[in-house]
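Geometric and topological summary
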Amino acid sequence: MAGFWGKRKREAEAQTAQDADLARRAEQALVAVDERLRTTSDELAFATAELGDSLTADLRAATDSVRTHLREAFSLHQLNHDEIPDTAEELRTRNARIVQLCEWAEDLLDEKLSVLAESISRVRRAPEIVAQVRKDAVTLAERLPQTRDTITRLSARYAESAIHQIAASADEAEQLLTFASHGADVSERRRAARQNEEANLALETATEAVRRAVVILDAVEDFEIEALRAESTLAEVIADSRGDIVAARTAPQVPAVTSAVSALEKALASLSPAGAKNDPFAELSTLRAANTALDEAIATARHREQNPLPSLAQVQHATDDADRQLGVARGLIAGHRGWIGADARTRLAEAERLRVDLPSLLPAEETREQALSTARRVAQLASEALQLAQRDIDSSRPNQGPDQWGGGGWGGGRRGGGGGDIVSGVLGGLVIGSILDGIFD
């Protein structure tokens, strides 16, 4: 017994020590966050003077939110030290809430200050960034004559439809560089007038203008490389297409293959003659599409040659057989609902679900094979449902002689003889139906 009380005493002492540590952490966190809020408010004032109100709005909102929640923390702390005695649980709950609020405040201020630090760094580096913008603008301007020569050379080689995306690239880049230089000037003037918010906006737009100019000038050089690659690929596709037309002569001469060959020959004939301006991208796209269509048509024709398409009569016969078997299984299960288990009902439900999809599969040649296999699957599921239903009926009947079912009304001395004869006849009819189905196959 002494051991039990000793354990309880040690646990109480440990809890008391934890509560004291939590109270100490709550007081320290309150002091730290209060000081952090004061220093952050000072930093916000300096940042607002440097950046303006819009760039410091997030930090201002964060400090207001922290100040609001700190009021709650100080109120809890005051309750812990007023003249009204509190339980240990109440003190523990309040101190835990104080620590939670202080940790949240620290995290929020850290996040917003880190974002603001990047903006401040950018602003303080503004002279350096302005100088870099002007330097980049001069360097890019030196590329303009070369870009114009490249566009002129490409215009002489390719059709207008091919180069329309780069035809005005040099002029667009020149306008962007002029705008970037003007933005740098505006940024400097605004900063000298202590209009830092407008100065930052002008500097950002100038930097973005330089970036877009670089993309436009690089796109002209990339276009020339891509055009040469497209011409090389086009030559390979032309050779492959001519070979496919020859190979198509040995393929089954069905309308789809004949039409695809005609379309590919037309695409080859529409290619620009040697020495003329062409659009290699458009020609490659058209020829590749026609080539792919011929490959697919030949593959489909050869598959159909090896796997003949079932006739509509064959599919209709399979559907009629499935309907017969569904009707028999549905009638038997509906007449013995209390005796039929889940297996039979599940197969019947799946068969009926598949039967609903059959009409949409029948008309199109592409889905006729699927229609035939679906009809056969419906018949198989219905047959399985019938057999499982008969098994459930047989297992549910009492095995106590013929009198159990009211004398000879169920077939005299055989247990369930009448019902068994009926289902046997049904199953026999289904077997005959399957044989006839095989004849039509």
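Overview of the structure. (Residues numbered from 1 in each chain as written. Predicted model: local features only at pLDDT ≥ 70, side-chain atom pairs only at ≥ 80, totals over all residues. Heavy atoms only, no water.)

**Details of the overall build of the protein**
- What the protein contains, in helices and strands, is 14 helices and zero strands.
- When the helices and strands of the protein are read in sequence order from the N terminus, they spell out α-α-α-α-α-α-α-α-α-α-α-α-α-α.
- Counting over 441 residues, the protein shows a buried share of 34%.
- Of all intrachain contacts in the protein linking residues separated by at least 6 positions in sequence, the fraction that spans at least 24 positions is 76%.
- Per element, the accessible surface of the protein, about 25600 Å² overall, is 55% carbon and sulfur. (Helix = DSSP H or I, 4+ residues; strand = E, 2+ residues; numbered from the N terminus. Buried < 20%, exposed > 50% of the residue type's maximum accessible area, 1.4 Å probe, protein only. Contact = heavy atoms within 4.5 Å. Areas by Shrake-Rupley, 256 points an atom, 1.4 Å probe, with all protein chains shown as cover.)

**A short note on the pattern of salt bridges**
- Summed over the entire model, instances satisfying the criterion amount to 26 salt bridges.
- Counted as one network, the salt bridges with shared partners bring together Asp-19, Glu-89 and Arg-92. (Salt bridge = Lys/Arg side-chain N within 4 Å of Asp/Glu carboxyl O.)

**Some details on the packing of helix 2 (residues 57–80) against helix 3 (residues 88–124)**
- Interhelical geometry of helix 2 versus helix 3 gives an angle of 165 degrees and a closest axis separation of 9 Å. Considered as vectors, helix 2 and helix 3 are oriented roughly antiparallel to each other. Helix-helix and strand crossings are classified by hand; for helix 2 and helix 3 the assignment is left-handed.
- Residues that form the contact of helix 2 with helix 3 fall into these classes: 15 nonpolar, six polar and five charged. (Axes fitted to C-alpha atoms, helices over the stretch in contact; angles between N-to-C directions. Parallel < 35°, antiparallel > 145°, perpendicular 65-115°, else oblique. Left-handed = near helix turned anticlockwise from the far one by under 90°. Nonpolar A, V, L, I, M, F, W, Y, C, P; charged D, E, K, R; others polar.)

**Regarding the side chain of Ser-169**
- The topology assignment puts Ser-169 in helix 7 (residues 169–192).
- For Ser-169, a relative accessible area of 5% translates into the label buried.
- If sequence neighbours within four positions are ignored, Ser-169 has contacts with Ile-151, Ile-216 and Val-220.

Read these as geometric descriptors, not functional statements.
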